[in-house]
Amino acid sequence: MFIRVCAFLCAVCLGLIGLGSAGAQQRGLGDLGGAKGDGGLPVDVELVLAVDVSWSMNQMEQAIQRDGYAAAFRSSEVQAAILDGVHGRVAVTYLEWAGSLSQSVIVPWTLIDSKASAEEFAYRLTADAPIRARRTSIASAIDFSATLFAGNGFEGLKQVVDISGDGPNNEGRMVTEARDAAVRRGVTINGLPLMTTGQGGSWGSIANLDRYYETCVIGGPGAFMIPVNDWSQFPEAVRRKLVLELAGGWPSVDEILRAGAKVQPAQSGGAVDCLIGEKQWQERQRRWMRDTQ
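Analysis parameters
Residues numbered from 1 in each chain as written. Predicted model: local features only at pLDDT ≥ 70, side-chain atom pairs only at ≥ 80, totals over all residues. Heavy atoms only, no water. Helix = DSSP H or I, 4+ residues; strand = E, 2+ residues; numbered from the N terminus. Buried < 20%, exposed > 50% of the residue type's maximum accessible area, 1.4 Å probe, protein only. Contact = heavy atoms within 4.5 Å. Disulfide = S-S within 2.5 Å. Pairing = 2+ DSSP bridges.

Draft legend 1. Geometry of the side chain of Thr 93. Tracing the chain through its elements places Thr 93 in strand S2 (residues 90-97). Judged by relative accessible area, Thr 93 falls into the buried class, the value being 1%. Not counting residues up to four positions away in its chain, the partners in contact with Thr 93 are Leu 47, Val 48, Leu 49, Val 105, Val 107, Pro 108, Trp 109 and Leu 148.

Draft legend 2. Region of interest: the state of the cysteines. Here the structure, examined in full by the defined rule, presents one disulfide. Across the disulfide, Cys 216 is cross-linked to Cys 274 (sulfur-sulfur distance 2.0 Å). Residues Cys 216 and Cys 274 are joined by a disulfide whose S-S torsion is about -85°; by sign, that bridge is left-handed. In this pair, Cys 216 sits in helix H7 (residues 209-217) while Cys 274 sits in the loop between strand S7 (262-263) and helix H10 (276-292), placing the two residues 58 residues apart along the sequence. Looking at Cys 216, the relative accessible area reads 0%, which means it is buried.

Draft legend 3. Quick peek at the pairing of strand S5 (residues 187-193). Counted residue by residue, S5 has seven buried out of seven residues, so it is predominantly covered. With burial as the criterion, each face of S5 is covered, one bearing Val 187, Ile 189, Gly 191 and Pro 193 and the other bearing Thr 188, Asn 190 and Leu 192. As paired elements, strand S4 (residues 154-165) and S5 share seven bridges and run parallel to each other. Looking at S5, one finds that Asp 162 is bridged to Asn 190.

What follows is the structure in structure tokens.
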């Protein structure tokens, strides 16, 4: 009980720190002042990068994620996508998540409006190591991310939450409820399903994670996802995804397909069970109870 209370208090503190930093607005190196409208500084995109750090991934794999995002922001393709937009600037924040009470803002809202500010953002991503946490709550990650746009000092042409993870939701409310609530607020949710554990992976993995993300996670105008089948693909997948997300305007279907992504289908549920992760967890608990009797 004491551990759970501490975890809750830590999560609340981290959330307040992230929100406070967002309100203060991190300034890009190329932003030396200038007037802002009543709604905040106009940018092409307000982007939340929400990255899974649950125990299903080891420290090496989590380091690959941080390094992959850092390399993407250092790349000429991503920098060109940012600078060629309508305003030539974007606002980005990076958070790591796991269970219902595990969301940590690693880099608060930062204005990226130049090569120098993009590389500074990349440097801050690699300043320390990720900290793993238990369980997987995509729903809580979406709920937390959706609150970060209010009062962040920016006003984007679009607001995007980019969710990456290697398993289905297994804690918190239904992931479809969280997705639909965020979409109603005008947020688009894109996905980067990490199908890197193989068919015989950890207990929390599923073979059709890409279809799960299509049906249960992504949503909103222009939503898409890029599956990653091997960790060697991760840096390139992140780079292609950020180019689509950070360029001015919504990506066309042709642009998404050329990038190797999958376009969001109608979210009718299909043959994908959006409660598969919760059912896996319940079955695991039943087995544990049987084994301890």
